[in-house]
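The primary structure of each chain is shown beneath.
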Amino acid sequence: MTKRYSLLSLARQAISGHRGWMPAWRDATPRDRYDIVVIGGGGHGLATAYYLAKVFGEKSVAVLEKGWIGGGNAGRNTTIIRSNYLLPGNIPFYEHSLKLWEGLEQDLNYNAMVSQRGIINLFHSDEQRDAHERRGNAMRLHGVDAELLDADAVRKMAPFLDFDNARFPIFGGLRQKRAGTARHDAVVWGFARGASARGVDIIQNCEVTGMVRDASGRVVALDTTRGRIGAGKVGMAVAGNSSRVAALADLRLPIESHVLQAFVSEGLKPVIPGVITFGAGHFYISQSDKGGLVFGGDLDGYKSYAQRGNLPIVEDVCEEAMALMPMIGRARLLRSWGGIMDMTMDGSPIMDRTPVPGLYLNGGWCYGGFKATPASGWCFAHLLSRDEPHPVAASYRLDRFATGRLIDEKGSGPQPNLQ
Amino acid sequence: MIIDCPHCGSRDSGEFFMRGQAAGPRPEYADGQDAFAVYVYDRTNLAGMQREHWYHAAGCRSWLVVERDTRSHVVGSVAIAGKAVA
Ligand SMILES: Cc1cc2nc3c(=O)[nH]c(=O)nc-3n(C[C@H](O)[C@H](O)[C@H](O)COP(=O)(O)OP(=O)(O)OC[C@H]3O[C@@H](n4cnc5c(N)ncnc54)[C@H](O)[C@@H]3O)c2cc1C
Ligand SMILES: [Zn+2]
């Protein structure tokens with residue numbers, strides 16, 4: 001049914017004036033019941049459905065999306081992919097994800113514009129260098145690439161940075177060469193196409209409004225804006241709305257929703273090599289293939305369900321940009337927007353069963369879930385299909401907060417607006 | 001967003017720091033570890049009007065209980081934390 005994309009198909013379409021392209025995936029209407037229902041048609045929900053069908057052989061799977069697929073954080077993020085983490089619970093998971101990214105386009109037969117252009121995390125003091133060296137060593141011990149650069153090496157790659165800034169001189173950077181960016185929308189569409197071709201129903205404009213439970217408390221169906229849909233198992237992958245959907249089953253989660261903003265400049269000639277992060281504040285930047293400088297910074301500082309940001313953060317991000325690379329003052333800002341982050345109390349995600357039988361949670365991705373998309377889908381599919389956690393995601397337990405097995409990369413404690 | 005501080009009057013939210021939802025009293029030692037885990041980590045995370053603790057850092061340095069709609073950032077009542085009914 002789904003045609004393979006190739007040079008030949010492109011040539012054929014070119015000759016016939018590109019009038020023969022078919023929709024990449026099927027916009028389905030809901031059936032009465034599915035073995036597995038995934039709530040949320042973002043990257044994670046669609047990747048979950050894809051791997052459920054492809055790797056775990058599930059035949060009856062649906063994805064329910066309240067709006068249109070990719071309209072949430074999947075379509076709002078700054079597209080950075082990397083695996084430069086410090087802690088044992090995180091490194092293997094994110095490295096699994098980066099490896100999946102490396103083969104994703106071949107696997108999906110879809111151009112997701114994965115570009116391993118590298119990331120440099122700058123440091124600005126001896127202490128920060130030690131911390132970065134430690135992180136680099138942790139990565140290398142896990143078989144992940146990491147390289148410590150001195151100021152001269154960074155200068156060769158990014159001569160435009162303000163190296164001799166009086167307050168934040170650049171001492172060097174930790175580089176992960178295999179990190180980079182990918183085209184966020186294409187990732188959504190590619191997974192949707194792959195899932196749809198394997199029989200997954202992707203149902204849009206279908207908001208889950210209630211959970212129907214039997215006498216034992218098990219979730220057996222979902223009430224939606226398109227009627228009741230029966231479910232053998234239900235997986236939640238709704239990012240910033242995790243608490244709201246979980247509340248439908250009377251669950252309270254260790255999650256708070258916060259808004260994160262992103263910014264893009266007018267299109268410019270290639271100038272930023274890869275991704276650069278400022279170590280003296282919270283600012284990071286890359287350049288899209290279209291030429292726009294894509295950058296962002298801190299959360300707005302208070303809980304929010306409004307998918308728009310405040311002006312103090314716009315000012316703060318622009319100030320940090322100027323401190324790091326004064327030349328950016330010449331560029332014009334084109335757009336800014338916000339997305340709702342599911343911030344956990346230790347900054348790491350949750351992928352686990354819930355106390356409600358039949359209900360599974362994939363959430364708490366904070367501002368780092370885009371890079372996780374393939375592995376999150378793979379591991380959540382494993383959990384849903386086999387009812388046991390995938391080894392690389394086994395630390396992302398829901399009960400780790402009560403047992404003290406937190407995975408707090410930054411050490412900022414249960415205070416999401418400080419993470 | 002403007003917050004009406006009972007001490008300082010109408011001030012820009014940038015002068016304040018939000019700690020989180022005003023979540024009722026801290027458990028007692030006798031309530032046990034689970035009660036503390038719930039208190040420290042679990043959040044209702046409402047979409048709507050909620051009561052929150054804000055600190056007027058660049059003003060009178062008082063802790064306030066602010067009512068705020070988390071969807072629209074409309075601010076409702078503001079009270080000094082010690083005096084607000086928990
Ligand atoms: C500004 C910004 C920058 C970011 N930058 C990066 C980055 O550079 N690198 C990185 O790794 N991560 C980044 N992230 C984080 C990343 O975007 C998210 O962690 C990730 O996209 C979350 O997973 P998702 O794609 O499944 O979420 P979403 O796309 O948000 O999917 C969740 C879906 O659930 C749907 N939904 C919600 N409630 C219901 C309901 N009741 N019924 C049915 N459907 C429902 C929503 O409509 C939504 O489509 C960024 C995020 C933002 C906002
Ligand atoms: Zn005051």
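Structural data are supplied above this passage.
Each value, and the rule that gives it
- Residues numbered from 1 in each chain as written.
- Chains lettered and ligands numbered in written order.
- Predicted model: local features only at pLDDT ≥ 70, side-chain atom pairs only at ≥ 80, totals over all residues.
- Heavy atoms only, no water.
- Helix = DSSP H or I, 4+ residues; strand = E, 2+ residues; numbered from the N terminus.
- Buried < 20%, exposed > 50% of the residue type's maximum accessible area, 1.4 Å probe, protein only.
- Contact = heavy atoms within 4.5 Å.
- Areas by Shrake-Rupley, 256 points an atom, 1.4 Å probe, with all protein chains shown as cover.
- Lys, Arg positive; Asp, Glu negative; His and termini not counted.
- Charge placed at Lys NZ, Arg CZ, Asp CG, Glu CD.
- Core = buried A, V, L, I, M, F, W, Y, C linked by side-chain atoms within 4.5 Å.
- Domains from an automatic or database assignment.
- Pairing = 2+ DSSP bridges.
- Axes fitted to C-alpha atoms, helices over the stretch in contact; angles between N-to-C directions.
- Parallel < 35°, antiparallel > 145°, perpendicular 65-115°, else oblique.
- Left-handed = near helix turned anticlockwise from the far one by under 90°.
- Nonpolar A, V, L, I, M, F, W, Y, C, P; charged D, E, K, R; others polar.
- Near = heavy atom within 4 Å.
- Polar contact = N/O pair within 3.5 Å; in protein donor to acceptor, adjacent residues only side chain to side chain.
- Patch = residues over 30% accessible without salt bridge, like charges linked within 9 Å, V, L, I, M, F, W, Y side chains within 5 Å.
- Salt bridge = Lys/Arg side-chain N within 4 Å of Asp/Glu carboxyl O.

## Concerning the overall build of chain A
So, point 1. From N to C terminus, chain A includes 10 helices and 18 strands.
So, point 2. Looking at chain A as a whole, 58% of its 419 residues are labelled buried.
So, point 3. Of all intrachain contacts in chain A linking residues separated by at least 6 positions in sequence, the fraction that spans at least 24 positions is 74%.
So, point 4. A total of about 17400 Å² of accessible surface is found on chain A, and carbon and sulfur atoms cover 52% of it.
So, point 5. Averaged over its 48 positive side-chain charges, chain A has a centre that lies 7 Å from the centre of its 42 negative ones.

## Overview of the nonpolar core
All names here are of chain A.
So, point 1. Membership of the largest hydrophobic core comes to 61 residues, with the highest contact counts inside it found for Leu-46, Tyr-51, Phe-93, Trp-101, Phe-191, Val-200 and Met-351.
So, point 2. Breaking this core down by element, the ones donating at least two residues are β1 (33–39), α2 (43–54), β2 (61–64), α3 (91–108), α4 (126–141), α6 (184–197) and α9 (373–386).
So, point 3. Residue contributions to this core peak at 8 residues, all from α3.
So, point 4. Lining this core are residues from two domains, each supplying at least three of them: domain 1 (25–79 + 185–251 + 346–411) and domain 2 (116–179 + 256–344).
So, point 5. With residues up to four places along the chain from it excluded, the contact list for Phe-93 reads Met-351, Trp-365, Ala-372, Ala-375, Ser-376, Cys-379, Val-392, Ala-393 and Tyr-396.

## Brief notes about the sheet that holds strand β12 (residues 255–267) of chain A
Residue and element names in this part refer to chain A.
So, point 1. The 8 strands lie next to each other as β5-β6-β4-β13-β14-β15-β12-β16, forming an open sheet whose pairing is mixed. Each of the sheet's edge strands pairs with one partner strand only, and the pair in question is β5 (147–150) and β16 (333–344). Ignoring strand direction, the axes of neighbouring strands in this sheet form an average angle of 25°.
So, point 2. In this sheet, strand β15 (residues 292–303) lies alongside β12 in antiparallel orientation, the contact comprising 6 bridges. Its bridge partner being in β15, Leu-260 is matched across the sheet by Leu-299.
So, point 3. This element, helix α8 (residues 311–324), spans β4 (119–123), β12, β13 (275–278), β14 (283–287) and β15 of the sheet and lies at about 135° to β15.

## Things to note about the packing of α2 of chain A against α3 of chain A
Residue and element names in this part refer to chain A.
So, point 1. Look at α2 against α3: their axes get within 14 Å of each other, and the N-to-C directions meet at 65°. Regarding the angle of α2 to α3, the classification is roughly perpendicular. The handedness of the crossing between α2 and α3 is left-handed. The segment α2 lies against α3, with Tyr-50, Tyr-51 and Lys-54 engaging Leu-100, Leu-104, Asp-107 and Leu-108.
So, point 2. Per-class residue counts for the contact of α2 with α3 are 5 nonpolar, no polar and 2 charged.

## Observations concerning the site of ligand 1
All names here are of chain A.
So, point 1. Close to ligand 1 lie 38 residues, the nearest being Glu-65, Asn-73, Ala-74, Thr-78 and Lys-371.
So, point 2. Take Gly-368: an N or O atom from its main chain is 3.2 Å from an oxygen atom of ligand 1.
So, point 3. Lys-371 places a main-chain nitrogen or oxygen 2.7 Å from an oxygen atom of ligand 1.
So, point 4. In the complex, the protein chains occlude 96% of the 990 Å² of accessible area that ligand 1 would expose alone.
So, point 5. Listing elements by their share of the shell around ligand 1, those giving two or more residues are α2, β12 and β16.
So, point 6. For the shell around ligand 1, the leading source of residues is β12, giving 3 residues.
So, point 7. When its residues are assigned to classes, the shell around ligand 1 shows 18 nonpolar, 15 polar and 5 charged.
So, point 8. Composition of the shell around ligand 1 by domain shows at least three residues from each of domain 1 (25–79 + 185–251 + 346–411) and domain 2 (116–179 + 256–344).

## Looking at a nonpolar patch on the surface
So, point 1. Taken together, Leu-7, Leu-10 and Trp-21 of chain A make up a surface patch of nonpolar side chains, about 330 Å² in accessible area.
So, point 2. Note that Leu-10 of chain A resides in helix α1 (residues 7–15).

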